[in-house]
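Residue-level structure breakdown
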Amino acid sequence: MALQALQSSGVAFRKILSHFPEELSLAFAYGSGVYRQVGPSSDQKVSLAPGQAPRRESASSHENAMLDFVFTVDDPVAWHSKNLKKNWNHYSFLKVLGPKIITTVQNNYGAGVYYNPLIMCDGRLIKYGVISTSILIEDLLNWNNLYIAGRLQKPVKIIAMNENVALRSALDKNLKSAVTTAFLMLPESFSEEDLFIEIAGLSYSGDFRMVVGEDKTKVLNIVKPNIAHFRELYGSILQENPQVVYKIQQGRLEIDKSPEGQFTQLMTLPKTLQQQINHVMDPPGKNRDVEETLLQVAHDPDCGEVVRRGLSAIVRPSSMKQSTKGIFTAVFLRLTLSEPSKGETVFKEERFLCSSSKPWLHGDAHVL
């Protein structure tokens, strides 16, 4: 399995994991705290002159960056119940409503994941999300939200994974689906870097955060310093794919762009993406079946753009709902009002310790 290349034996990650209930089907770390990214660090934004390349992140900023984790659990109610006993102060106001309500919010709103941010654990600032195994498997196979599935299309550090055969199969299928989708949006010949940029951008298609707030070069910054990690993740899939000629030494690929080749690729896409493409192409009242629509798209010169629009229709609502949920589950009661100065409303950020009954207050104030 391609994911085996990303397994980590890092003691630091396992020490952090020891602060949480053990019943995990999958645990992984991701983001700039795990893999270096080019560009200025989050606390040092600079403007680039035309044609100027982004800077590589410094070692100190990489080591101090927040660590992002996702914990996959078979029984979210039981897991949150145990975690509330160990880490009560990690949770927002929802903790007083109990693990069943937390799980309801987790499963039924946003992208099926519940995040606890701004936690100090073993001297590192972390954020962790919790998702049920069944919901993750559905997202990996069908791209219902392409949220956590999108995270897993980029290099991550696998810290723990049990012997769940369905989960392992779904993880592999997600990677293959990412490759196929990227092929449909690329020309007949392209470089490894082109492919990895397209794959890394799948889960950002239509994401409103890429318009408001996020660095517009985020995808490029993820891929540039991590080509080797992407190659580890996707190398065997590319070598085994009968529709691609993979010239490893030259770092180039050639694919079948005939209508027949594209139809084959379209028919293997995740179900939700096929349905969204059908919705994009199907005129009101016509109600064609999905296969008929995909055959039309395969012959369309703008096939790649149609696929991109289908992706956006998945990502845009899930990213907006998840971000909105984050406000209610993380921000409220995490901000303590301090004395206003010169007419400004100033809030102080709270960061919470692992397995501790008292929050650690970070001294930096944020002016809103």
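Here the structure is a predicted model, which is why all the values come from computation and not from measurement. (Residues numbered from 1 in each chain as written. Predicted model: local features only at pLDDT ≥ 70, side-chain atom pairs only at ≥ 80, totals over all residues. Heavy atoms only, no water.)

1. As for the overall build of the protein chain
Counting its secondary structure elements, the protein chain contains 14 helices and eleven strands. Taken over 368 residues, the protein chain has a buried fraction of 50%. The contacts of the protein chain with a sequence gap of at least 6 include a subset with a gap of at least 24, amounting to 68%. A total accessible area of about 17400 Å² is found for the protein chain, and carbon and sulfur atoms account for 53% of it. (Helix = DSSP H or I, 4+ residues; strand = E, 2+ residues; numbered from the N terminus. Buried < 20%, exposed > 50% of the residue type's maximum accessible area, 1.4 Å probe, protein only. Contact = heavy atoms within 4.5 Å. Areas by Shrake-Rupley, 256 points an atom, 1.4 Å probe, with all protein chains shown as cover.)

2. Details of the sheet that holds strand S7 (residues 244-247)
Paired through backbone hydrogen bonds, the strands of a sheet run either parallel or antiparallel to each other. Pairing is antiparallel in the open sheet, where three strands are placed in the order S6-S8-S7. Each edge of the open sheet is held by one strand with a lone partner, namely strand S6 (189-191) and S7. Averaged over all pairs of adjacent strands, the angle between strand axes in this sheet comes to 20°, irrespective of strand direction. In this sheet, strand S8 (residues 252-255) lies alongside S7 in antiparallel orientation, the contact comprising four bridges. Across the sheet, the residue bridging to Val 245 is Glu 254, located in S8. (Pairing = 2+ DSSP bridges. Axes fitted to C-alpha atoms, helices over the stretch in contact; angles between N-to-C directions.)

3. A look at unusual backbone geometry
Of note in the backbone geometry, Leu 118 takes a positive phi value of approximately 55° without being a glycine. As for its position among the elements, Leu 118 is in strand S3 (residues 113-121). Although it is not a glycine, Leu 146 adopts a positive phi angle of roughly 55°.

4. Section: the packing of aromatic side chains
We describe a pair of aromatic rings using the distance from one ring centre to the other and the angle between the two ring planes. Overall, the coordinates contain eleven aromatic pairs when judged by the stated rule. Taking the centre distance of 4.6 Å and the plane angle of 65° together, the rings of Phe 20 and Tyr 128 count as edge-to-face. Remark: Tyr 128 occurs in strand S4 (residues 124-132) and Phe 20 occurs in the loop between helix H1 (11-17) and strand S1 (26-30); sequence separation between them is 108 residues. Accessibility expressed as a relative area gives 2% for Phe 20, which makes it buried. (Phe/Tyr/Trp six-rings, centres within 6.5 Å; stacked < 30°, edge-to-face > 60°.)

5. Brief notes about the confidence of the model for the protein chain
When pLDDT is averaged along the protein chain, the result is 81, and 73% of the positions lie at 70 or above. Overall, residues 41-55 carries pLDDT values under 50, and its contacts beyond four positions in sequence, including any with other chains, amount to 13 contacts. Long-range and interchain partners of residues 333-349, a stretch whose pLDDT sits below 50, account for 39 contacts in this model, where long-range means more than four residues apart. (pLDDT = per-residue confidence, 0-100.)

6. Focus on the pairing of S3
Extensive coverage of S3 is indicated by the burial of nine of its nine residues. Linking S3 to S4, which pair antiparallel, is a turn of two residues; within it Asp 122 sits at a positive phi near 50°.

7. Section: the nonpolar core
Grouped together as the largest cluster of nonpolar side chains are 65 residues, with contacts concentrated most on Phe 28, Ile 148, Leu 195, Tyr 234, Leu 266 and Ile 277. It is helix H7 (residues 165-184) that provides the largest number of residues to this core, a total of nine residues. What Ile 148 contacts, discounting residues up to four positions off in sequence, is Phe 28, Val 70, Val 113, Tyr 115, Ile 131, Leu 136 and Asp 139. Ranked by size, the runner-up nonpolar core spans 27 residues in total, among them Leu 24, Phe 69, Trp 79 and Tyr 128. (Core = buried A, V, L, I, M, F, W, Y, C linked by side-chain atoms within 4.5 Å.)

8. So, helix H13 (residues 290-298)
If you check which residues of H13 are buried, you get Thr 293, Leu 294, Val 297 and Ala 298. Looking straight down H13, one finds its buried side chains confined to an arc of 140°; they lie on one side. The N-capping residue of H13, defined by a side-chain oxygen 3.3 Å from the backbone nitrogen of Glu 291, is Asp 289. (Arc of directions from axis to C-beta. Polar contact = N/O pair within 3.5 Å; in protein donor to acceptor, adjacent residues only side chain to side chain.)

9. Some details on the environment of Lys 15
Take Lys 15: it is sitting in helix H1. Judged by its relative accessible area of 46%, Lys 15 is partly exposed. Put simply, Lys 15 and Cys 121 are 106 residues apart on the chain and 9.1 Å apart in space, counted from C-alpha to C-alpha.

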